[in-house]
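Here's the letter readout for the chains.
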Amino acid sequence: MSKRPPYDELMAACSILVLERLSAADFTAAGLFPDWFAAFAPAGFSPEGGRLRPATIFPFLEYFLEDAEEFWARGVDGKMVSGFWTETAPDGADMNFEAVAYRRGNSNFLFIRRLTTGFDRLHKVFQKGRELSLAHERLFSEISKKDILLHCIIHDMSGPLTGMMGALEIAKQENLSRRGKQLVDLGLAAAKRQANLINNLLDTFREEFGPADKTLPDPAQAPDAIACGREVLATLQPSLAMHDIRGEVRLPPGVASLRVIAEKSRLERIFYNLLQNAMRFSPRLGSIGVSFQAEEDFVRIAVEDEGPGVSPDVAPQIFQKFVRGNCSGGKAGLGLFFCRITTEQWGGSIGHEPRPGGGTSFWLRLKRVR
Amino acid sequence: MIQKKICLLGGHAVGKTSLVARFVKSVFTEKYHTTIGVKIDKKTLSMGDRAVNLTIWDLAGEDEFGAVDIAYLRGASGYLLVIDGTRRSSFDRALNIQQRAEKKVGSVPFLALINKADLAAEWELTDTELQSLTALGWKVFHTSAKSGDAVEAAFKILTEAMLNHS
């Protein structure tokens, strides 16, 4: 039978160096030496009764042992664990370690454990996580650069369009045949749709990349949501008529005006986007309603259509960028995204729900100004 | 022999371990190898007629997995704050880490290293941002662990500053 207790071998087999404290800096071996220690042992060091100064071998321990001294001085049984550290052995191999200050009875011990399999697994997890984080950061940066390029292209597209619309407006004043006037109107309507699309893109860019002005619009300048809704609906009346769709404003009894925290031109664009969206999905002879409801601190606005409803596949992402619902006809998928980021910037919220009897209700809640 | 402890601080993947490897072993690898906890290296520098034994503590980078363990700065005579020029996020993180480092060790010498100078064409940091660091009184160096540019010089300048500070 060996003279040494079996735990000596066990600790060494577990790659743990066990040292017993003699004084503030000096320790002596309290067991067998694990294999790895040979790479770090001082030249001429004798295991039998030899004194060791672990902080001279592992600089990491210099500061850990300061804390350990305080821990041992408390005289309470227990342990204190260091963080992980890595040292390079003289042969160039990196080894990972963890130290434990341990007290039992009147004896104070220092365990130094070489970390192997478990640490390697942990390292792989961190490595993968950080690589993914880096890849995400790079991708986000690339997308931002492409967004900026897209903005420049869109901005350049808007110049000639303004000229085209001006020319068509002038042509409209000319003595044209009925057919000629119809064609000019069609051309103007198409140009306006195109201009709106471009404005959505530019506004979206400004919201995302512009100066981070998070101040709410001035309540003194708060627009009347009902008047805005009416005006936008009126501008869309020719298009609605062309598709045999009826558009109406629905108000609660006795309410003629509801002022909200918003900026008028962008609120009009929100109405425009929601109404165009409703029109696109409405059947012939259907109706679109713009309803208003006054709550204590908010105004709830809903644009309701009688269309097929939002597909469950698209519903969770419908307010995200570049999501185009059931329609892909020349739309960038930014209209609802713009509605969301703008209402949220004003401290409001937006959503959608199925209408009883069919169709969809897109709603927004904006802060009410009394 | 004079003993000095230096710490390397910064966000993750800014090149701290690569800078140490370049300085201590004159090697560079493109492969990213993350650090957990702290990696300790040693190098002796000749500063005129004096030899300085540097213990270099390369602290794990800060990210969503964890903050830099500022307690490891205890006893440090100086530190290198590393920023990845190609990643804007590492700039903001470095500013934040520096404030915590100063709280822990006081106004010991430090240098800001804008690393990955070999990728200068891809830098996200603007001149204005870099100038804002010098306006804070920081000493800023553009380093490349890949080419070795300014790496040894940065360690030497920090060591010189530490010797003059003590």
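For the structure itself, consult the block above.
Here is what the cut-offs are and how they apply
Residues numbered from 1 in each chain as written. Chains lettered and ligands numbered in written order. Predicted model: local features only at pLDDT ≥ 70, side-chain atom pairs only at ≥ 80, totals over all residues. Heavy atoms only, no water. Helix = DSSP H or I, 4+ residues; strand = E, 2+ residues; numbered from the N terminus. Rg over C-alpha atoms; globule rule 2.2 N^0.38 Å. Contact = heavy atoms within 4.5 Å. Areas by Shrake-Rupley, 256 points an atom, 1.4 Å probe, with all protein chains shown as cover. 1 Å grid on protein atoms, 1.4 Å probe; cavity = no way out; pocket = protein on both sides within 12 Å on 5 of 7 lines; lining within 4 Å. Points joined across faces, edges and corners; volume = space filled by probe spheres on them. Nonpolar A, V, L, I, M, F, W, Y, C, P; charged D, E, K, R; others polar. Domains from an automatic or database assignment. Core = buried A, V, L, I, M, F, W, Y, C linked by side-chain atoms within 4.5 Å. Buried < 20%, exposed > 50% of the residue type's maximum accessible area, 1.4 Å probe, protein only. Buried area = accessible area lost by both parts, 1.4 Å probe. Salt bridge = Lys/Arg side-chain N within 4 Å of Asp/Glu carboxyl O.

Colleague: What exactly am I supposed to notice about the overall build of chain B here?
Modeller: The helix and strand tally for chain B stands at 4 helices and 6 strands. Counting from the amino terminus, helix and strand elements in chain B follow one another as β-α-β-β-β-α-β-α-β-α. A globule of 166 residues ought to have a C-alpha radius of gyration of about 15 Å, and chain B, at 15 Å, matches this closely. Each principal axis of the C-alpha distribution contributes one length, and for chain B these read about 40 × 35 × 30 Å. Considering only contacts within chain B whose residues lie at least 6 apart along the sequence, 74% involve residues at least 24 apart. When the accessible surface of chain B is totalled, it reaches about 7100 Å², and 51% of it is carbon and sulfur.

Colleague: Could you clarify how one ought to interpret the overall build of chain A in this entry?
Modeller: The helix and strand inventory of chain A stands at 9 helices and 13 strands. For 370 residues, the compact-globule estimate of 2.2 N^0.38 gives 21 Å, and chain A exceeds it by more than 25% at 37 Å. Look at the contacts in chain A between residues 6 or more apart in sequence, and 61% of them connect residues 24 or more apart. Per element, the accessible surface of chain A, about 20100 Å² overall, is 56% carbon and sulfur.

Colleague: For this particular structure, what's the right way to read the layout of surface pockets?
Modeller: In this approach a probe as big as a water molecule rolls over the atoms, and the regions it shows empty are the leftover space. All names here are of chain A. Approximately 490 Å³ is the volume attributed to the second largest pocket. Lining the second largest pocket are 20 residues, with Leu188, Ala189, Lys192, Thr235 and Tyr272 sitting closest to its centre. Taken together, the elements giving at least two residues each to the lining of the second largest pocket come down to helix 5 (178-209), helix 7 (237-242) and helix 8 (264-281). Ranked by residue count, the leading element in the lining of the second largest pocket is helix 5, at 10 residues. Residues of the lining of the second largest pocket, tallied by class, amount to 9 nonpolar, 6 polar and 5 charged. Summarising the domain contributions, the lining of the second largest pocket has at least three residues from each of domain 2 (135-209) and domain 3 (219-369).

Colleague: How should the nonpolar core be read in this particular structure?
Modeller: Inside soluble globular proteins, nonpolar side chains tend to come together where they are buried. By size, the foremost hydrophobic cluster in this structure holds 54 residues, and its most contacted members are Leu61, Trp85, Leu110 and Ile112 of chain A together with Leu9 of chain B. With 8 residues, the top contributor of residues to this core is helix 3 (residues 60-73) of chain A. Contacts of Leu110 of chain A, omitting those with residues within four sequence positions, involve Leu17, Val18, Leu19, Phe27, Pro54, Leu61, Phe64, Leu65, Trp72, Ala99 and Val100 of chain A. Residues Val232, Ile270, Met279 and Val303 of chain A belong to the second largest nonpolar core, which totals 39 residues.

Colleague: Even after reading the chapter, I still don't get the interface of chain B and chain A, so can you show me in this structure?
Modeller: Accessible area lost upon the coming together of the parts serves often as the stated size of an interface. Between chain B and chain A, the contact holds 28 residues from the first and 25 residues from the second. Of the roughly 2300 Å² buried where chain B meets chain A, counting both sides, 54% is carbon and sulfur surface. Per-residue buried area on chain B facing chain A is highest for Ile36, Phe65 and Arg74 of chain B; these three make up 29% of the total on that side. Inspection of the chain B/chain A interface yields 5 salt bridges.

Colleague: What is the right way to read the pattern of salt bridges from this model?
Modeller: Oppositely charged side chains may form a pair once their charged atoms are brought near each other. Applying the stated rule across the entire model yields 30 salt bridges over all chains. For Arg365 of chain A, the salt bridge identified is with Glu295 of chain A, shortest N-O distance 2.8 Å. With Arg365 of chain A in strand 13 (residues 360-369) and Glu295 of chain A in the loop between strand 10 (287-294) and strand 11 (298-304), the pair connects residues that are 70 residues apart, well separated along the chain. Since its relative accessible area comes to 22%, Glu295 of chain A is described here as partly exposed. In this structure, Arg87 of chain B and Asp84 of chain B form a salt bridge, with 3.2 Å as the shortest nitrogen-oxygen distance. As far as burial versus exposure is concerned, Arg87 of chain B and Asp84 of chain B are alike and both buried. Linked by salt bridges that have partners in common, Glu137 of chain A together with Asp84, Arg87 and Lys116 of chain B make up one network.

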